[in-house]
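# Structure at a glance
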Amino acid sequence: MMGDKRDIVEVSDAEALADAAAQRLLACIEAQPDRTAICLTGGSSPKRLYQLLAEEPYRGRIPWPRVHWFIGDDRFVSLDDPLSNMGMAKRAFLDRCAPPDRVHPMPVDAATPEAGAERYAAALKTFYGADHLNPAKPLFDLVLMGIGPDGHTASLFPGYPAIEETSRWVVGVEQAHVAPFVPRITLTLPTLAACDEMLFLVSGHDKRAILTRVLEDPTLPAARARSRNKTTFLVDAAAMPERKHA
Ligand code: 6PG
C-alpha cells in the first residue's frame, strides 16, 4: 500500500528550506543504526542543501563512512559536464566529504541510456541484496525529489511510457520533455517509492503554479511519486499555493 498521505511543510525562504532539509537528512541518518542509503535529486533546487552538508554543523555530524549516496535521475552526460546532476552533488559536497566508494553515480559511460539504466538497476539490486522490492524492506532511507515546470519529477515526464513502468527499476529516456534536452536515466516510480521517506524540495515563485497543479492533479508524475511510507513537500513561502479564503 502506498502511503497516501502527503504532508506539506512551509518554511520562510530558500535558505530555511535548505536548512530544514539538511536537518531532516541528518535525523534520517541518525535514526539508522547501520548503513544509510540516500537518493539525491538534481536540478537547481537542492544545490544550497548540498553546499550546507559540506559545512558545519552538518559535515561534522554526518557519519560519512556509513552513508551511501545514489541519484534518482541523471542527464546522460559525463560527470564533469555542468548538466550532470551527480556531478553537481559531487562538486557541492560529496567529493570533499564522502568516501568515493559510497558515491553511486549513474553509468553515463554506457553505450546508450538504456544500457546505463540496466547497469544501475543491477548495482541497486546488488546493494539491496535482492532482485525484487519487498515492501517491508525499503531500498532507500530517504529520497529527495524536485518538481519540473511540466510536473515531472526525477526524469519521469507527463505522458511518457516510463511513468507507467512497474517492473524495471531504472529506465533510459531518449528525449527529455523540457530543457535541458539531453537523454536521461531515471529510477521508476516503484523504485523511488521503496523508501522510508520521500522529500520534495520546492522553492521560489516560479514553482507556485506547478505546485498548485501537482496538488490538484493526481495524474502528474510529481503527484504520482509517493513513498510507501512518508511523503513530505518542503515548500518555501514564495512557492506556496495561494490560500483560498472563505
Ligand atoms: C532533473 C531533475 C528534475 C528536477 C526538476 C526541478 O534532472 O532535471 O532531477 O526532476 O528535480 O526538474 O528542477 P529545478 O530544481 O532545476 O527547478
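Just so we're clear, the structure is a prediction, and the values are computed from it rather than from any experiment.

Throughout the structure, instances matching the rule amount to 10 aromatic pairs. Aromatic pair Phe200 and Phe233: ring centres 4.4 Å apart, planes at 15°, arrangement stacked. Of this pair, Phe200 sits in strand β8 (residues 195-202) while Phe233 sits in strand β9 (residues 230-236), and the two are 33 residues apart along the sequence. For the pair shown, Phe200 and Phe233 are each scored as buried. When the ring centre of Phe127 is taken as reference, the NZ or CZ atom of Arg35 above it lies at 3.6 Å. Over the ring of Tyr128 we find Lys137, and its NZ or CZ is 4.3 Å from the ring centre.

Another point: the layout of surface pockets. Gaps between atoms show up when a probe of the same size as a water molecule is rolled over them. Taken as a whole, the largest pocket encloses approximately 320 Å³ of empty space. Taken together, 21 residues make up the lining of the largest pocket; nearest its centre are Gly43, Arg75, Ile147, Gly148 and His152. A class-by-class count of the residues in the lining of the largest pocket yields seven nonpolar, 10 polar and four charged. In this structure, the second largest pocket spans a volume of roughly 180 Å³. For the second largest pocket, the full set of lining residues is Gln32, Arg35, Thr36, Ala37, Phe127, Tyr128, Lys137, Pro138, Leu139 and Asp141. Residue composition of the lining of the second largest pocket, grouped by class: five nonpolar, two polar and three charged.

Here is what the cut-offs are and how they apply
Residues numbered from 1 in each chain as written. Predicted model: local features only at pLDDT ≥ 70, side-chain atom pairs only at ≥ 80, totals over all residues. Heavy atoms only, no water. Phe/Tyr/Trp six-rings, centres within 6.5 Å; stacked < 30°, edge-to-face > 60°. Helix = DSSP H or I, 4+ residues; strand = E, 2+ residues; numbered from the N terminus. Buried < 20%, exposed > 50% of the residue type's maximum accessible area, 1.4 Å probe, protein only. Lys NZ or Arg CZ within 6 Å of the ring centre and 35° of its normal. 1 Å grid on protein atoms, 1.4 Å probe; cavity = no way out; pocket = protein on both sides within 12 Å on 5 of 7 lines; lining within 4 Å. Points joined across faces, edges and corners; volume = space filled by probe spheres on them. Nonpolar A, V, L, I, M, F, W, Y, C, P; charged D, E, K, R; others polar.

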